[in-house]
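# Structure at a glance
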Amino acid sequence: MIVITGATGNVGRSLVGLLAAEGLPVTAVARRITEADVPAGVRAVAADLGDPAGLRPALAGADALFLLVAGEDPQGVVEAAREAGVRRIVLLSSQGVGTRPGAYPHAARFEEAVRGSGLVWTVLRSGGMASNAFAWAEPVRAHRTAEAPFGDVGLPFVDPDDVAAVAAAVLREDGHDGATYVLTGPVATTPRERAAAIGAALGEPVRFAEQTREAARAQMARVMPPPVVEGTLAILGEPTPEERRVSPDVERVLGRPAHPFTAWATRNAAAFR
């Protein structure tokens, strides 16, 4: 049994679908999940990573766990997994743990707990995700406008479906024990270019409006803790060479190139109509 946390999110939903399509036994976990949220044959369990004890019913009979960075007790989550008989943990973390550890202490604590668990583990450090562009959905639908800071700074955003595909491979294959993979897209794109790609997918132009750093900070602060806000702004505005680099790890694991942002935009154009 493979337990997928965050099963209704951009990565988790795709991951559940991939594993279920292969006929693997899957338990899908999210705070408000129901059977209507998962494919036929997948067990849905409502649970919260902020309550490790409450995860025990979801973990019963599991031998592998796909874990998000969520909640404040990574050690408790790992201990619950170990007590349930889980042998393998695949953690979805952030590239920022490697490039800006001071800005991502939460994810770093999860990595530390997983590495010290005594279980088989793999860490997936994702770069910025293409699905961050869903933040533009409402203004694009209403005004055909997308706003972001640092309009001409390029980063190799990764398709969440590629992250899910790598996670699926790592969960079902041998040869990834103790590995840390950095997951990026195949080419760096700027916010301005990503807005244009959405416009191309819609068949009509999307205007790009550049935010000030201050406006972006205020917007991010509504959903992120202050250190993560500052770390994210630094990555978006002054990325290091490592943050700009296209990682080979998606292609190394999957045997095919990562999908470009244009493919993500085409696949998700309905969200912006």
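Values in this document were obtained by computation on a predicted structure and should not be read as measured data. Positions within a chain are numbered from 1, following the residues in the order the chain's sequence is written. Local features in this predicted model are restricted to residues whose pLDDT is 70 or higher, and side-chain atom pairs enter the listing and the counts only when it is 80 or higher, whereas totals over whole chains, interfaces and linings include all residues. Remark: hydrogens and water are excluded; side-chain values derive from all non-hydrogen atoms of the structure.

### Things to note about the pattern of salt bridges
The salt bridge criterion pairs a side-chain nitrogen of Lys or Arg with a carboxyl oxygen of Asp or Glu, the two atoms within 4 Å. On inspection of all chains with the given rule, the structure shows 19 salt bridges. Between Glu-72 and Arg-109 there is a salt bridge, with its nearest N and O atoms 3.3 Å apart. On the criterion of sequence distance, the pair formed by Glu-72 in the loop between β4 (64-68) and α3 (74-84) and Arg-109 in helix α5 (residues 105-115) is long-range, its members being 37 residues apart. Of the charged contacts in the structure, one is a salt bridge between Asp-161 and Arg-267, with a shortest N-O distance of 3.2 Å. Taken together, the residues Asp-161 in helix α7 (residues 160-172) and Arg-267 in helix α13 (residues 261-267) connect sequence positions 106 residues apart. Labels follow the DSSP assignment, with helices taken as runs of H or I lasting at least four residues and strands as runs of E lasting at least two, numbered in each case from the N terminus.

### Section: the packing of aromatic side chains
Working definition: an aromatic ring pair is given by the centre-to-centre distance plus the angle between the planes. Each aromatic pair joins two rings of Phe, Tyr and Trp (for Trp, the six-membered one) with centres within 6.5 Å, and gets the label stacked for planes under 30 degrees apart, edge-to-face for over 60, and tilted for any other angle. Scanning all chains against the criterion turns up four aromatic pairs. Centre to centre, the rings of Trp-264 and Phe-272 are 6.1 Å apart; their planes meet at 75°, and the pair counts as edge-to-face. Using a relative accessible area of 0% as the deciding quantity, one classes Phe-272 as buried. Chaining the aromatic ring pairs together yields one cluster made of Phe-134, Phe-261, Trp-264 and Phe-272. Partly exposed residues are those whose accessible area sits between 20% and 50% of the maximum for their type, while under 20% is buried and over 50% is exposed, using a 1.4 Å probe and protein chains only.

### Section: the pairing of β4
Most of β4 is tucked away, with four of its five residues classed as buried. Looking at chain direction, strand β1 (residues 2-5) and β4 are connected through three bridges and run parallel. Bridge pairing in β4 places Ile-2 opposite Ala-64. In short, DSSP must find at least two bridges between two strands for them to pair. Where β4 and strand β5 (residues 88-94) come together, five bridges link them in parallel fashion. If you follow Ala-64 over to β5, its bridge partner there is Arg-88. For the segment spanning β4, α3 and β5, crossover handedness is right-handed. By convention a crossover is right-handed if, when the strands point away from the viewer, the path from the first strand over the helix to the second runs clockwise.

### As for α5
Residues that lie three or four places apart on an α-helix share one face, since the helix turns once every 3.6 residues. Where α5 is concerned, the buried positions are Ala-107, Phe-110, Glu-111, Ala-113 and Val-114. Seen along its axis, α5 keeps its buried residues to an arc of 165°; they face one direction. In the core, the buried residues of α5 are packed alongside β4, α3, β5, α4 (96-99) and β6 (120-126). In this description, the arc belongs to the directions extending from the helix axis to the C-beta atoms. Pairs of residues are marked as contacts when any of their non-hydrogen atoms sit within 4.5 Å.

### Overview of the nonpolar core
Residues Ile-4, Leu-15, Leu-19, Phe-66, Leu-124, Leu-171 and Leu-183 are the most contacted members of the largest nonpolar core, which totals 35 residues. If one sorts the elements of this core by residue count, α7 sits on top with eight residues. Look past the residues within four positions of Leu-124 in its chain and what remains in contact with it is Val-90, Leu-91, Leu-92, Ser-93, Ser-94, Val-163, Val-166, Ala-167, Val-170, Tyr-181 and Leu-183. In this description, a nonpolar core means a group of buried Ala, Val, Leu, Ile, Met, Phe, Trp, Tyr and Cys residues linked to one another through side-chain atoms lying within 4.5 Å.

### Some words on the side chain of Glu-243
With respect to the helices and strands, Glu-243 occurs in helix α11 (residues 241-244). Polar side-chain contacts of Glu-243 include one of 2.6 Å to the side chain of Thr-99. Separated by 2.8 Å, the side chain of Glu-243 and the backbone nitrogen of Thr-240 make a polar contact. What Glu-243 contacts, discounting residues up to four positions off in sequence, is Gln-95, Thr-99, Arg-100, Leu-155, Pro-156, Ile-235 and Glu-238. By the criterion applied in these results, polar contacts are pairs of N or O atoms within 3.5 Å in which, for protein atoms, one can donate a hydrogen and the other can accept it, and in which residues neighboring in sequence qualify only through two side-chain atoms.

### Regarding the environment of Asp-63
On the secondary structure map, Asp-63 appears in the loop between α2 (56-59) and β4. On the accessibility criterion, Asp-63 (29% relative accessible area) is partly exposed. Expressed as a C-alpha distance, the spacing of Asp-63 and Gly-118, which sit 55 residues apart in the sequence, is 14 Å. Among all residues touching Asp-63, those that are not within four sequence positions of it are Met-1, Gly-85, Val-86, Arg-87 and Arg-88.

### Quick notes on unusual backbone geometry
Here Arg-144, not a glycine, exhibits a phi torsion of approximately 50°, which is positive. Relative to the assigned elements, Arg-144 resides in the loop between α6 (137-143) and β7 (145-149). Judged by its relative accessible area of 19%, Arg-144 is buried. With a phi angle near 55°, Phe-150 is a residue other than glycine that sits in the positive phi range. With respect to the helices and strands, Phe-150 occurs in the loop between β7 and α7.

### Digging into the environment of Ala-20
You can see Ala-20 is positioned in helix α1 (residues 10-21). Residue Ala-20 is classed as partly exposed on the basis of its relative accessible area, which comes to 22%. Beyond its immediate chain neighbours, meaning those up to four positions away, Ala-20 contacts Val-26, Pro-39 and Val-42.

### Focus: the sheet that holds β6
Read from one edge to the other, the open sheet built from seven strands follows the order β3-β2-β1-β4-β5-β6-β8, with strand pairing classed as parallel. A single partner strand is all that each edge strand has here, and the edge strands are β3 (43-46) and β8 (180-183). Put simply, the sheet's adjacent strands are angled 20° from each other on average, direction ignored. Bridge count for β5 against β6 is seven bridges, and the pairing is parallel. Pairing of Leu-91 across the sheet is with Val-123, part of β6. Strands β4, β5, β6 and β8 of the sheet are contacted by α5, whose axis makes an angle of about 160° with β5. In this analysis an axis means a line fitted to C-alpha atoms, helices contributing only their contacting stretch, and an angle means the value between N-to-C directions, from 0 to 180 degrees.

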